[in-house]
Amino acid sequence: MKAIIPAAGLGTRLRPLTFTRPKPVLRVAGQPIIRHAIRTLQDAGISEIGIVVSQLTREEIAHAIRNVTGAQITLIDQNEQLGLGHAVLTAREWVGQDDFCVYLGDNLFEYGARPFVERFQEARPDALIALVQVEDPTAFGVAQMDGERIVRLVEKPKNPPSNLAVAGLYCFTARLFEMLDGMPPSARGEYEITDGIQRLIEAGATVMGQPVVGWWKDTGRPTDLLEANHLLLEKLESDIQGEVVETRVSGRVVIPESSRVVRSKIVGPVIIGENVVIEDAYIGPFTSIGRNSIIRHAEVEHSVIDADAVIENLNTRLQDCLIGVRAQVRGGRTVPRTHKLTVSDASIVELA
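Quick caveat, the model's predicted, so the values are computed rather than measured.

1. Quick look at the overall build of the protein chain
- Along its length, the protein chain carries eight helices and 33 strands.
- Its C-alpha atoms give the protein chain a radius of gyration of 22 Å, within 12% of the compact-globule value 20 Å for 352 residues.
- Overall, the C-alpha framework of the protein chain stretches about 65 × 40 × 40 Å when taken along its three principal axes.
- The proportion of buried residues among the 352 residues of the protein chain is 53%.
- On the protein chain, roughly 15700 Å² of surface is accessible, and the fraction owed to carbon and sulfur atoms is 44%.
- Positive and negative side-chain charges in the protein chain, numbering 37 and 45 respectively, have mean positions lying 4 Å apart.

Have a look at this one:
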């Protein structure tokens, strides 16, 4: 079985973070989102993975997946971004006649892809779709069920037939390509995968829905990245190898050998990247810090700090922050209670 990860779009809802980088390379819990997706697919027994990229995302995606082991990864060019159905159809030649999984790389599942892949291989339907109950189904593809079978699937309906939303993980036989080939675009001008699945249903194919067990997270907005970071760090295991001097460490914390923590307090779960320097600082729970970053005379918690960031000389704690690559946050004289920041790559913020 193969897997397709669509990664051609930039993720406009995550701006300003995605002004300079595509969404799949943003980091949560110490890794680019797309690497979490790859690991999830590997855990489900899938090693052949095709990543659909555009001219704008190819270079960053290739950089983010370098040194991935245990997977045969192929980058597939999508010259126009015309919807998820179009992205899948772009990978038709690469998939061939094999069964395949479509995994939206900005989605995270507590128990990964394995339960869905195993059920698909056991039941052998033409399609199996991950479904999750949501409060507002109008923003999703929505399924109408008859037992385990999906009898109707509609994209972003004004009047949803249920509260069961498509959760970003699909398993298919190659028959789906016949439905997508020649399919007209939707009213939005895009080729919707939900329309292709509906055509399967109308052709008499077996399309099953399987509820998501455990948490599910779509990392489409800045607050979602923080929540995803929190959820993933819940499973963190301690591994302290770096230099820790006059520092109190409690909870589950990862400090690699190349990093140094001096005269500080770390309260896990916290993951620290390679070549990080932390001095006279407090790092609170559910924080991940990217490689080569420096945090001095500052307090940070429940935040995602990307690579090469500098945070120093703050008289107030940073909380619920997303700090981009090479961003700098430097303190001033006044002392407000807290700051909540989303700082894009290479920015400089001076708190005066």
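What follows picks up the thread again.
2. Comments concerning the environment of Leu 84
- Inspection of the secondary structure puts Leu 84 in helix α3 (residues 84–90).
- Spatially, the C-alpha atom of Leu 84 lies 8.9 Å from that of Thr 194, the residues being 110 residues apart in sequence.
- The residues touching Leu 84, leaving out its near neighbours within four places in the chain, are Pro 6, Val 102, Leu 104, Tyr 170, Tyr 191 and Ile 193.

3. Describing the nonpolar core
- Counting 36 residues, the largest nonpolar core has Leu 41, Ile 49, Ile 51, Phe 109 and Leu 169 as its most contacted members.
- Counting only elements with at least two residues in this core, the list comes to β1 (2–6), α1 (33–43), β4 (48–53), α2 (58–64), β6 (100–103), α5 (114–123), β8 (127–133) and β11 (164–172).
- Apart from the residues lying within four places of it in its own chain, the contact partners of Leu 41 are Ala 3, Ile 5, Ile 46, Ile 49, Cys 101, Tyr 103 and Ala 113.
- In this structure, Val 88, Val 95, Ile 129 and Ile 193 belong to the second largest nonpolar core, which totals 34 residues.

4. Section: the packing of aromatic side chains
- Counted according to the given criterion, the structure contains six aromatic pairs.
- Plain terms: the ring middles of Phe 100 and Phe 172 are 5.5 Å apart, the flat faces sit at 40 degrees to each other, and that makes the pair tilted. Of the two residues, Phe 100 sits in strand β6 while Phe 172 sits in strand β11, which places them 72 residues apart along the sequence.
- On the basis of relative accessible area, Phe 172 is assigned to the buried category, the value being 0%.
- Linked through ring pairs, Phe 100, Tyr 170, Phe 172 and Phe 177 together constitute an aromatic cluster.
- A cation over a ring is seen here: Lys 2 above Trp 94, with NZ or CZ 5.0 Å from the ring centre.

5. Observations concerning α5
- For α5, the full list of buried residues reads Phe 116, Val 117 and Phe 120. An end-on view of α5 places all buried positions within 100 degrees of arc, on one side of the element.
- Next to the buried residues of α5 lie β7 (107–109), β8, β11 and β12 (207–211).
- One or two steps after α5, the chain reaches Arg 124, where phi turns positive at roughly 55 degrees.

6. Focus: the confidence of the model for the protein chain
- Across the protein chain, the average pLDDT comes to 88, with 91% of residues at 70 or higher.
- Here strand β33 (residues 348–350) stands out as the element of the protein chain with the lowest mean pLDDT, 65, in contrast to strand β21 (residues 277–279), whose mean of 97 is the highest.

7. So, the pairing of β11
- Of all nine residues in β11, nine are buried; the element is thus mostly enclosed.
- Bridge count for β8 against β11 is six bridges, and the pairing is antiparallel. Counterpart to Ala 127 in the pairing with β11 is Phe 172.

8. Description of helix α7 (residues 193–202)
- By the criterion of burial, α7 is predominantly enclosed, with seven of the ten residues buried.
- Those residues of α7 lying buried are Ile 193, Thr 194, Gly 196, Ile 197, Gln 198, Leu 200 and Ile 201.
- Count one or two residues on from α7 and you reach Gly 204, which has phi positive near 90 degrees.

Cut-offs applied
Residues numbered from 1 in each chain as written. Predicted model: local features only at pLDDT ≥ 70, side-chain atom pairs only at ≥ 80, totals over all residues. Heavy atoms only, no water. Helix = DSSP H or I, 4+ residues; strand = E, 2+ residues; numbered from the N terminus. Rg over C-alpha atoms; globule rule 2.2 N^0.38 Å. Buried < 20%, exposed > 50% of the residue type's maximum accessible area, 1.4 Å probe, protein only. Areas by Shrake-Rupley, 256 points an atom, 1.4 Å probe, with all protein chains shown as cover. Lys, Arg positive; Asp, Glu negative; His and termini not counted. Charge placed at Lys NZ, Arg CZ, Asp CG, Glu CD. Contact = heavy atoms within 4.5 Å. Core = buried A, V, L, I, M, F, W, Y, C linked by side-chain atoms within 4.5 Å. Phe/Tyr/Trp six-rings, centres within 6.5 Å; stacked < 30°, edge-to-face > 60°. Lys NZ or Arg CZ within 6 Å of the ring centre and 35° of its normal. Arc of directions from axis to C-beta. pLDDT = per-residue confidence, 0-100. Pairing = 2+ DSSP bridges.

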